[in-house]
Amino acid sequence: MVSKKSGACLVVAVGATMLLGAGSAQAATTTGSAPASGPAKLAKTDVGQALNGTTSGLGYGLAPVKDLRLDPWANSSADVLNNGATVKPDQGLASVGTGGLTGPLSAGGGIRDLPLVGGLTGVLPG
C-alpha cells in the first residue's frame, strides 16, 4: 500500500528528474562559446507595472490581517471584554457604555469591525 506522502514524493521526484534531464540535454546541444557583447545592460523598469504588482501583493498580504481575530477569548466565559460598564446620567440623557467599543471585539471581530478604525481599513488594499 502506498501512502499519500510517498505518492506525492514520487510525483515530485519524477518531475525533478524530467526537469534536470531536459536541462542537461539542452546543455549538451550548445556548441562553442557565446560571443562577447560587452557589459550587460538592465532593461528599463515599467513603473506602472511595478506599482500594480506591489499593490496587488499588498492586497493579498493585508486582507487576512483585516479579519484577524483581535480578542483570543472572544465568545468564551473568560472574555474580559464581554463585561461592559454603563453610566446612566440624570435628567433623561442617553446612557453611555463601553459595549459599543468592546462589543465587536468580544463577538470575535477584527480590525474592520471596530467602530472608528474599521472605516479607515477601506483605504488599505485587500
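What you see is a predicted model, and the numbers here were worked out from it, not measured in a lab.

## As for the pattern of salt bridges
Alright, step 1. According to the stated counting rule, one finds one salt bridge in the structure shown.
Alright, step 2. Salt-bridge contacts for D67 lead to R112; the nearest nitrogen and oxygen are separated by 3.2 Å. One end of the pair, D67, is in the loop between α2 (47-66) and β1 (86-87); the other, R112, is in the segment after α3 (99-106), with 45 residues separating them in the sequence.

## A word on the side chain of D79
Alright, step 1. For D79, the location among the structural elements is in the loop between α2 and β1.
Alright, step 2. Notably, D79 is buried but unbridged: the nearest opposite-charge side chain belongs to R69, and the N-O separation is 8.0 Å.

## Structural notes on the environment of L116
Alright, step 1. Here L116 lies in the segment after α3.
Alright, step 2. Given a relative accessible area of 72%, L116 falls into the exposed group.
Alright, step 3. L116 sits 15 residues away from L101 along the chain, and the two C-alpha atoms are 8.8 Å apart.

Cut-offs and rules
Residues numbered from 1 in each chain as written. Predicted model: local features only at pLDDT ≥ 70, side-chain atom pairs only at ≥ 80, totals over all residues. Heavy atoms only, no water. Salt bridge = Lys/Arg side-chain N within 4 Å of Asp/Glu carboxyl O. Helix = DSSP H or I, 4+ residues; strand = E, 2+ residues; numbered from the N terminus. Buried < 20%, exposed > 50% of the residue type's maximum accessible area, 1.4 Å probe, protein only. Lys, Arg positive; Asp, Glu negative; His and termini not counted.

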